[in-house]
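# Structural overview
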Amino acid sequence: MDFSATSGARTTGYRRAVAADPQDPFGTQGLRQRVLDAWAVSPARFREDANAEEDLVRGGYRDRVVVELAQNAADAAARAGEPGRLALVLAGDTLSASNTGAPLDTAGVESLSTLRASTKRGTPASVGRFGVGFAAVLAVSDDPAVLSTSGGVQWRSSAARGAAAGLPALADELARRAGAAPVLRLPWPDGREPEPGWVTTVVLPLRDAAATDLVHRLLADVDDALLLALPDLAEVAVEVDGVGRVVAGADRWRVLRRSGAVDPDLLADRPLEERGRQAWTVTWALPIAGQPVPQVLHAPTPTDEPVGLPALLVASFPLDPTRRHVAPGPLADRLVDLAAQVYAELAAAEPHPLALLPAPVPLGRLDGALRDAVTSAMSRARLLATTDGSLVTPAGSTAVTGADGDLRRLLAEALGPLVADHPALERVGGRRVPLTEAVEQLAALDRPPGWWRDLYAALDAAAVRDPEVLAVLPVPLADGRLVRGPRGVLLPAQEVGARAADVRLPGLRLAHPDAVHPLLRRAGATDAGPRALLAAPGLRVAVEDAWDEADPLALADAVLPLVAAAALRPAELPWLAALPLSAADGEPAQADELVLPGSPLARVADRELVGEVAADLVDRWGPQVLAAVGVLAAFSVVETTDVVLDDASVDEPLEAWARYALDRLPVGELLPTARTVLVVPELDAVADDRWPDVLRLLSADPAVRAAVVSPVRLELGDGRAAEVPSCATWLLRSRAVLAGRAATDWALPGAGLDGLYDVLDATLVAGVDPGVLAAAGVRGSMDDVLAEPGGADELLRRLADEDRAVPAATWSLLWPALAATHPDDVTPPGRVRVAPDRVADATQVVVVDRAEHLQVVGADALVVPLGLSRLLADLLDLDLSSEVVAGPDLGGGTVLDVPDAVRSLVAGLPATWWEHDALSVDGRPVQWWRDDDGGVHASTSDGLARGLAAAAGRWADRLLLAAAMETPTRLGELVTEARLED
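Basis of the calculations
Residues numbered from 1 in each chain as written. Predicted model: local features only at pLDDT ≥ 70, side-chain atom pairs only at ≥ 80, totals over all residues. Heavy atoms only, no water. Helix = DSSP H or I, 4+ residues; strand = E, 2+ residues; numbered from the N terminus. Buried < 20%, exposed > 50% of the residue type's maximum accessible area, 1.4 Å probe, protein only. Core = buried A, V, L, I, M, F, W, Y, C linked by side-chain atoms within 4.5 Å. pLDDT = per-residue confidence, 0-100. Contact = heavy atoms within 4.5 Å. Phe/Tyr/Trp six-rings, centres within 6.5 Å; stacked < 30°, edge-to-face > 60°. Lys NZ or Arg CZ within 6 Å of the ring centre and 35° of its normal. Pairing = 2+ DSSP bridges. Axes fitted to C-alpha atoms, helices over the stretch in contact; angles between N-to-C directions. Parallel < 35°, antiparallel > 145°, perpendicular 65-115°, else oblique. Left-handed = near helix turned anticlockwise from the far one by under 90°. Nonpolar A, V, L, I, M, F, W, Y, C, P; charged D, E, K, R; others polar. Salt bridge = Lys/Arg side-chain N within 4 Å of Asp/Glu carboxyl O.

## Digging into the environment of Ala209
Tracing the sequence through the fold places Ala209 in helix 8 (residues 209-220). You can call Ala209 exposed: its relative accessible area is 55%.

So, in structure tokens, the structure goes:
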């Protein structure tokens, strides 16, 4: 759309003649007449013009009035060769657009009044190309006017209706259209002047409220993007109801414009009017201030083609007649490639060019083509600066994820030139190396310690906290090695600087002082304080291997200062006990094979096992430091946790104790676990003749005593728990010697074990805690012995020892205690003590289970309380007397009544009994017997008394009944005395 003809355009003689009329400077009368003549001759022409105008107003140009007015102003400015200005003023229901530049001329009026016949063909500088843009004014106004310094012209819908109505040939068509006729085909002269100071003013009386609302919205959208699309415009002033603003310049955008010639072959499928425009233009505008980018193609004014790139595209794409969509074809494809090349050039000037790489998801066909072409163009363009200062294409470039600045520069020394990392690099053919992989490759570098510190500082500045990256960081050590991973590395701290530097141990990972950085500490390195140095794995290895060195004692000079500085406690690091130290005789020995002179352990230690530590070491380091490395001084307690009682997994010194503990558990239990086991390690070095003193020392220290006497709690794996004696208890019972014999051979006075065990002289163990004595195995009671695994067998074995004199009291106490023992805990003995002074072969022993059998059994009978007979016979695998003794012939007796007076004396006596002249078993006389029904048979009064007592289950009353039978006159006296019994 333009109000002036192209520079140098020819004007016909008719036009020049018409232009001479000052009332109609543009010859509008002639233009109208030609149109009316054409309509009169061909009503179809009228119909075509009416349809075309309606299509434009209702379709492609329905909301483009402001853009078309601006485009007109830009073309006028280009024609005049000066920067253009435009003023858009909405006052009430009237929109006016005033511009500078070339004024309206006759050719321009003809163009405005002729659909699809632009006068701008062959004019590359013009924006309008179709000759239809002015139709956009009809979307909001029925009576537009253009007022210029060269004259004015107007179009009136009412006048067009009237002129068309005067043509009879149009009657039917006008009736179909309710009298409406094309407005812009019939121009009229307008004598008004443009706004003062302006060359041309377009006046649009707005049709209705809807038109006014549309103009309000369109004016609100005017911004500097319009100036980018129309570069010939330098300024647009917008005023709405007295409130104005000015859009001037595009300084919020970084703009790149490129243009060139179009290959004529690409125009072959385009309309004739476009084939003469053999130039292309591409403009990309990148927002500087972060303002939003219009998401549509401008060609050059906005279209409906979505473009989602982060920059505004203004390009001479071929459009369809609606000027809203790109017309597909070779020209459009070529413009896509050209736009992509210019976009890559725009990106190359950006500090972060890949930030302009579009996402792969398109908004439409054209947008998808642009994204693909831009991605391809950017991959081939030298966009990216490397660490060596060169520019490279993204394709084939390498970046390290998360690395930039100094970190990228340092990593490049191992990986080669690197570009800045960006998530989109791989989409343009680049390679992104994970930071972990890049850091791993640094281990091959040979760099001074300060270089590594710079690397750590760069990682720290980049806020790298990924544990996988930090775990593989190479660290230079003070001994010249380069190790991978800070974990286990010691950082020389100032307070131990010289001391740490002096520790030259195989495997010690001491960082070089020039490489130390706080990042290493966060990555797992620890400060090289005394305790950290002592905890270093290399030190433990060095202690274990010290005896393979030419001078085993040299290691102590490095270790003892650290122990002193760390204020280490005894047994805190048990492995230090293997440290070689100088003994008093000048020979090297392990620390735990030496004692401190004058210490409690020095008085009880076995000198064949341990010697004294050298006096100069005591003078130099003192008892506490030497005790901390394992030199023996006093009994101590070492705690071990989570011990699984499995021979395959338990280490010394707990392996033997574990077997001992397992033996005390039922067979088939799941492997138990001891959460805490306390060990008194010095017990291994005690002399056999010093145990009384040892027990006193164990009793004197509460912590040590607790470690000895407290049982170990076991978790059995099925939720249950059990307790077993402590490791110290096991060791004491294995080794403790008192008065030349094992402590387990002695019993305490009053233990009830006289004859079975010798009684310990109490003065020998004066001052020893009873719990410690019991832990050592000194027997405190018969129940204590039976509670031990194998305790019952030991008692039976000692009981069967014919060399022992077992008192009757001990012998009698043993049987009830044994009877309560579980059969699984007893092994039947080969010999049995059947009386305090008699031991018999078990095959000859019977257990008396009926009182009458005492009359016939021999000396090898075991006589125990009848209630225990069957239990003991089963426990010891012995016969019962009822199984081997035959009964007498009980026939021929006389039944007699038991006197009532006798029955009143003892409850439960039978009412009758059988009197016999004589009774015998296998030819041996007996005084009484009971038959199978429990009846009492007797040949004497004494026998009757025993038979009646046995029958009533009142064996203890046999003597009372015998006295009553012997002297019936005393019956009353005996009954009275019996009342005293419970």
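Anyway, onward from the coordinates.
## Re the nonpolar core
The biggest cluster of nonpolar side chains holds 53 residues, and the ones touching the most others in it are Leu69, Leu88, Leu233 and Val236. Among the elements that make up this core, the one with the highest residue count is helix 4 (residues 65-80) (six residues).

## A few points about the confidence of the model for the protein
For the protein, mean pLDDT is 88; residues scoring 70 or higher make up 93% of the total. Predicted confidence is poor over residues 116-131, with pLDDT under 50, and the contacts of this stretch with residues over four places away or in other chains come to 58 contacts. The low-confidence segment residues 495-501 (pLDDT under 50) makes 11 contacts with residues lying over four places distant or belonging to another chain.

## Details of the packing of aromatic side chains
Under the defined criterion, the tally for this structure stands at six aromatic pairs. Centre to centre, the rings of Trp284 and Tyr343 are 4.7 Å apart; their planes meet at 75°, and the pair counts as edge-to-face. One end of the pair, Trp284, is in strand 10 (residues 279-287); the other, Tyr343, is in helix 11 (residues 330-348), with 59 residues separating them in the sequence. Look at Trp284 and you get buried, because its relative accessible area is 0%. On the basis of an interplanar angle of 85° and a centroid distance of 5.9 Å, the ring pair of Trp811 and Trp815 is categorised as edge-to-face. Placement of the pair is Trp811 and Trp815 together in helix 31 (residues 808-819), with a separation of four residues, close to one helical turn. The ring of Trp188 is capped by Arg32, whose NZ or CZ atom sits 3.8 Å from the centre of that ring. Across from the ring centre of Trp198, 4.6 Å away, lies the NZ or CZ of Arg85, which sits over that ring.

## Some points on the sheet that holds strand 38 (residues 879-880)
Here three strands make up an open sheet; going across it, the order is 37-36-38 and the pairing parallel. A strand with exactly one partner marks an edge of an open sheet, and here the two such strands are strand 37 (861-862) and strand 38. Here two bridges tie strand 36 (residues 846-847) to strand 37, and the two strands are oriented parallel to one another. The partner of Val847 across the bridge, within strand 37, is Leu862.

## Describing the packing of helix 30 (residues 791-799) against helix 31
At a closest axis distance of 12 Å, the pairing of helix 30 and helix 31 adopts a crossing angle of 150°. With respect to helix 31, the axis of helix 30 lies roughly antiparallel. The way helix 30 lies across helix 31 gives a crossing that is left-handed. Here Ala792, Leu795, Leu796 and Leu799 of helix 30 lie close against helix 31, whose contacting residues are Trp811, Leu814, Trp815 and Leu818. Each residue belonging to the contact of helix 30 with helix 31 can be placed in one class, and the counts come to eight nonpolar, no polar and no charged.

## Some thoughts on the pattern of salt bridges
Where side chains of opposite charge bring their charged atoms close, a pairing between them can arise. Counted under the stated rule, the structure contains 48 salt bridges. For the salt bridge of Asp527 with Arg521, the shortest nitrogen-to-oxygen distance reads 2.8 Å. By relative accessible area, which is 35% here, Asp527 ends up partly exposed. Where salt bridges share partners, they join Glu54, Glu173, Arg176 and Arg177 into one cluster.

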